Amino acid sequence: MTNVAGETQAVPPATDRPSPDLERARRGGPVLNLTDGKPASARLPARTIALTFDDGPDPEWTPKVLDVLRRYDAKATFFLVGSKAAQHPELVRRIVAEGHEIGNHTYTHADLASVPAWRLRLELSLTQHALAGATGLHTTLVRPPYSSTPRSITVPQWEGLRVAASQGYLVTLTDLDTKDWSHPGADKITASSIPNGDRGAIVMMHDSGGNRSQTVDALDRALRELTARKYRTATVTDALGMPSAHQKAGGGEWFVGTMFSFAQRASGWFTTALSWALLVAGVLTAGRLAFFAVLAMLHAHRTRGGRRRKGRAPDWAAPPPVTVIVPAYNEQAGIQATVRSLVTTSYQGQVEVLVVDDGSTDRTAELASALGYDNVRVITKPNGGKPSALNIGITQASHEILIMVDGDTVFEPATIGHLVRQLADPAIGAVSGNTKVGNRRGMIGRWQHIEYVIGFNLDRRAFELLDCMATVPGAIGAFRRSALVALGGVSTDTLAEDTDLTMALCRAGWRVVYEEKALAWTEAPTTLGQLWKQRYRWCYGTLQAMWKHRRSLLEEAPFGRRCLGYLILFQVVLPLLAPVVDLMAFYSTAVGDPLPVVAVWAGFVAVQAGTGWYALRLDGERASALWVLPLQQFVYRQLMYLVVIQSVATAVLGVRLRWHTINRQGTFNTPDTLSGELAGPVGR
């Protein structure tokens, strides 16, 4: 972790009220000993230069600085940032091996004037760990980041220096600050590093924090001139005639430091790999949105132009008879509204409605029978699950064309006709309708409305063109009875029987298409708990279906590679990465500049909004629904990816998930609901 790459701001002027000790330090030399109560300072003797370099080590510029120093047989002191030392221990070892001195420059280039004492002590300790791991050495020298000459010490900096001194450090400031971090040019840097007359001096330069080509050039010039003037270049402690700043670290400290350095590098590798992965994920997500929007546009152009595909079969000579199967379990809240919508259809052909009550413990069967419609037959059976109820309906159906609808869903008058029209093509085995959220007044309902239009209906337009339809939803779908019988009916192997059935049909060679005009209004969950249960079942069942049909990846037909490849990438892998994206975004906002994170988030929402606007426009919906899209990123999206994580964990552990039922509110049972929620879209 590094907050700052190098010294990128001028040292603030010392305009505060100093204590007597600080005033004495400001008048003294650049090397301060604050451990004995009263500050003591030292200056370098005449014709002696101690070159110092801050902010390294840097894999590009530190080796170039070392090469110049070796050319002139000059020794220097490097004040190292701990995180960089842990990242590049080989450079720290080279510095020491070539006779130079190392000092502590904190772990993250922290400003001593703005961090608490505990943070400063931690910064210094972590840096010592990094140095011990790299070289087996500790150092007694420290230089505060954003420091300069003694005269520039501020009161807050002074307090930080006293904390550092209490840890046994010798504070090393500078006589000549070249300000090379501001890139003034090699000439100015050279001039700033040469003392007047025969004075000795500590010179501050930087070997990291940006492009240091000017520093390297100026260093060569300065050493050439200093050599000509018979100056001696030495480390700080050597120039002062003091013992070396290096102290041997203990074996335990070396081991801890080595592990610490490895962890630092490993985290760097992981972060880099993760950054690339997130970049790829972002590109894939944006590319998917754009690609699917284009495919949806092509689909709308073809279908609205009356040309779904070349060689399309003619329309039915006469409307064929249809059987509608309604599997129901404890659907008393909405079963009558569902049946009424099926009976009051504008379809001209014969319509048979089979309500298959799957052992309900409420009045579902009674209420369905009480309607008294001649073409409605109620079948009761012991509870066996939705697939078994559908299979009973298939067995009892009188006609070849079957329509399946959930017990909480209502059709519009023209829906059956639109579904049946597509089955005039003998190559089509199933038709997916256009599912709408009926109870969309609350925030959760509005979020699901957006998801249904953008995430489901827009996708199905694209899936049809790619011949990889993954799901004909249980809420509304039309099928050929002969195709289902050939498959052995609806499988009970998965909890997502609609996805399993659709994949089986596609693998059997049937085309599955999407009919945008076949509208069905469904009652969506109204609480987060109910939504979690529903999506958990959907996701887990989809994983089961993917595993069941995994061999389709190797089949000659492209369905498996397209459909399963898409589901694996966009419905499993990317959602599993989503928590990492959120954590990195939160971390970057907390410790760094939040503007890039906000900009990326706003850009992503803008792309989603653009795609959502087009999807709503295709479906004849109001674009004003998009106002909930930004809020969706903070609750709904997290809920969805947590569902994926739980589903994957459940599947990996081999836990069998039981069927989850949802408490129905009877959204479509009252005339006010039917006229209020549905009036706009029905009349378009």
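The structure displayed is predicted, hence computed values, not measured ones. (Residues numbered from 1 in each chain as written. Predicted model: local features only at pLDDT ≥ 70, side-chain atom pairs only at ≥ 80, totals over all residues. Heavy atoms only, no water.)

*Asks:* Any chance you could break down the overall build of the protein for me, citing the residues and the numbers?
*Replies:* Scanning the protein from N- to C-terminus turns up 23 helices and 20 strands. For the protein, whose C-alpha radius of gyration is 37 Å, the value lies well above the compact-globule estimate of 26 Å for 684 residues. Judged by the C-alpha coordinates and their principal axes, the protein covers about 115 × 50 × 45 Å. Across the 684 residues that make up the protein, the buried fraction comes to 54%. Taking the intrachain contacts of the protein between residues at least 6 apart in sequence as the baseline, contacts between residues at least 24 apart amount to 82%. In the form shown here, the protein has an accessible surface area of approximately 29,200 Å², with 59% of it arising from carbon and sulfur atoms. Averaging the coordinates of the 70 positive side-chain charges in the protein and doing the same for the 60 negative ones gives two points 2 Å apart. (Helix = DSSP H or I, 4+ residues; strand = E, 2+ residues; numbered from the N terminus. Rg over C-alpha atoms; globule rule 2.2 N^0.38 Å. Buried < 20%, exposed > 50% of the residue type's maximum accessible area, 1.4 Å probe, protein only. Contact = heavy atoms within 4.5 Å. Areas by Shrake-Rupley, 256 points an atom, 1.4 Å probe, with all protein chains shown as cover. Lys, Arg positive; Asp, Glu negative; His and termini not counted. Charge placed at Lys NZ, Arg CZ, Asp CG, Glu CD.)

*Asks:* How would you sum up the sheet that holds strand E14 (residues 351–358)? Please name residues and give values.
*Replies:* One open sheet accounts for eight strands, arranged E15-E14-E13-E16-E19-E18-E20-E17; its pairing is mixed. Here the strands that pair on one side only, and so sit at the sheet edges, are strand E15 (376–381) and strand E17 (409–411). Averaged over all adjacent pairs, the angle separating strand axes in this sheet is 30 degrees, with direction ignored. One ladder, built from six bridges, connects E14 with E15; its direction is parallel. The partner of Val356 across the bridge, within E15, is Ile379. Lying over the sheet, helix H11 (residues 335–343) contacts strand E13 (322–328), E14, E15 and E17, oriented at roughly 20 degrees with respect to E17. (Pairing = 2+ DSSP bridges. Axes fitted to C-alpha atoms, helices over the stretch in contact; angles between N-to-C directions.)

*Asks:* Now, about a nonpolar patch on the surface: what can you tell me, with residues and values included?
*Replies:* Side chains of Trp254, Phe255, Val256 and Met259 sit close together on the surface and give an oily, nonpolar patch of about 400 Å² of accessible area. Locating Trp254 in the fold gives a position in helix H10 (residues 251–304). Residue classification places Trp254 among the partly exposed positions, given a relative accessible area of 42%. (Patch = residues over 30% accessible without salt bridge, like charges linked within 9 Å, V, L, I, M, F, W, Y side chains within 5 Å. Salt bridge = Lys/Arg side-chain N within 4 Å of Asp/Glu carboxyl O.)

*Asks:* Account for the packing of helix H2 (residues 61–71) against helix H4 (residues 89–97), naming residues and giving values.
*Replies:* Contact pair H2 / H4: the axes reach a minimum separation of 11 Å and the direction vectors enclose 10 degrees. Judged on the interaxial angle alone, H4 and H2 are roughly parallel. For the pair H2 and H4, the contacting residues are Thr62, Pro63, Leu66, Asp67 and Arg70 in the first and Leu91, Arg94 and Ile95 in the second. Residue composition of the contact of H2 with H4, by class: four nonpolar, one polar and three charged. (Parallel < 35°, antiparallel > 145°, perpendicular 65-115°, else oblique. Nonpolar A, V, L, I, M, F, W, Y, C, P; charged D, E, K, R; others polar.)

*Asks:* Tell me about the nonpolar core, and please be specific about residues and values.
*Replies:* Most often, soluble globular proteins have nonpolar side chains that are buried together. Counting residues in each nonpolar core, the largest one holds 41 residues, and the members touching the most others are Phe479, Leu484, Met503 and Cys563. Among the elements that take part in this core, helix H19 (residues 559–591) stands out by supplying eight residues, more than any other. Membership of the second largest hydrophobic core comes to 34 residues, among which are Leu69, Ala85, Leu131 and Leu219. (Core = buried A, V, L, I, M, F, W, Y, C linked by side-chain atoms within 4.5 Å.)

*Asks:* Now, about the packing of aromatic side chains: what can you tell me, with residues and values included?
*Replies:* This model, assessed by the stated rule, comprises 11 aromatic pairs. Taken together, a centroid distance of 5.8 Å and an interplanar angle of 50 degrees make the contact between Trp447 and Tyr636 tilted. Of this pair, Trp447 sits in helix H15 (residues 443–466) while Tyr636 sits in helix H22 (residues 636–653), and the two are 189 residues apart along the sequence. Across this residue pair, the class does not change: Trp447 and Tyr636 are buried. Grouped by ring-pair contacts, the aromatic residues Phe291, Phe292, Phe463, Tyr566 and Phe570 constitute a single cluster. Against the face of Phe292 rests Arg288, its NZ or CZ located 5.1 Å from the ring centre. (Phe/Tyr/Trp six-rings, centres within 6.5 Å; stacked < 30°, edge-to-face > 60°. Lys NZ or Arg CZ within 6 Å of the ring centre and 35° of its normal.)

*Asks:* Give a description of unusual backbone geometry that names residues and reports values.
*Replies:* The step from Gly56 to Pro57 runs through a cis peptide bond, and the omega angle for that step is 0 degrees. Residue position: Pro57 is located in the loop between strand E3 (48–56) and H2. The backbone of Asp73 sits at a positive phi, close to 50 degrees, despite the residue not being glycine. Considering the arrangement of structural elements, one finds Asp73 in the loop between H2 and strand E4 (76–80). On the basis of relative accessible area, Asp73 is assigned to the exposed category, the value being 60%. Here the phi dihedral of Thr106 falls at roughly 70 degrees; this positive angle occurs in a residue that is not glycine.

*Asks:* Run through the side chain of Arg535, naming residues and quoting values.
*Replies:* Relative to the helices and strands, Arg535 resides in helix H18 (residues 528–548). Excluding its chain neighbours within four sequence positions, the residues that come into contact with Arg535 are Gln448, Glu451, Tyr452, Phe456, Tyr636, Met640 and Val643.

*Asks:* Describe the state of the cysteines, and please don't skip the residues or the numbers.
*Replies:* Working definition: the covalent bond between the sulfur atoms of two cysteines is a disulfide. Under the defined criterion, the tally for this structure stands at zero disulfides. In this structure Cys468 is a free cysteine whose sulfur lies 5.8 Å from that of Cys563, the closest cysteine sulfur available. (Disulfide = S-S within 2.5 Å.)

*Asks:* Could you give an account of the pairing of E14, naming the residues involved and the relevant values?
*Replies:* Looking along a regular strand, one sees side chains alternate from face to face of the sheet. Counted residue by residue, E14 has eight buried out of eight residues, so it is predominantly covered. Here E14 shows two buried faces, one formed by Val351, Val353, Val355 and Asp357 and the other by Glu352, Leu354, Val356 and Asp358. Note that E13 and E14 share seven bridges and pair parallel. If you follow Ile325 over to E14, its bridge partner there is Leu354. For the crossover that starts at E14, traverses helix H12 (residues 364–370) and ends in the parallel E15, the hand is right-handed. (Right-handed = clockwise from strand over helix to strand, strands pointing away.)

*Asks:* Go over empty space enclosed by the protein with me, naming the residues and quoting the values.
*Replies:* Taken as a whole and judged by the stated rule, the model has three cavities of 30 Å³ or more. For the largest cavity, the calculated volume is near 110 Å³. Elements represented by at least two residues in the lining of the largest cavity include exactly E13, helix H13 (386–396), strand E19 (477–480) and helix H17 (497–507). By residue number, the principal contributor to the lining of the largest cavity is H17, which donates four residues. Broken down by class, the residue content of the lining of the largest cavity amounts to 10 nonpolar, three polar and four charged. Considering only enclosed or pocket space, the second largest cavity measures out at about 60 Å³ in volume. As for the second largest cavity, its lining consists of Leu112, Pro144, Ser147, Ser148, Thr149, Ser152, Ile153, Gln157, Leu161 and Leu173. Taken together, the residues of the lining of the second largest cavity sort by class into five nonpolar, five polar and no charged. (1 Å grid on protein atoms, 1.4 Å probe; cavity = no way out; pocket = protein on both sides within 12 Å on 5 of 7 lines; lining within 4 Å. Points joined across faces, edges and corners; volume = space filled by probe spheres on them.)

*Asks:* For the confidence of the model for the protein, give the residues involved together with the corresponding values.
*Replies:* Scored by pLDDT, the protein comes out at a mean of 87, with 91% of its residues at no less than 70. Counting interchain partners and residues more than four positions distant, the pLDDT-below-50 stretch residues 1–11 has 37 contacts. The low-confidence segment residues 671–684 (pLDDT under 50) makes 23 contacts with residues lying over four places distant or belonging to another chain. (pLDDT = per-residue confidence, 0-100.)

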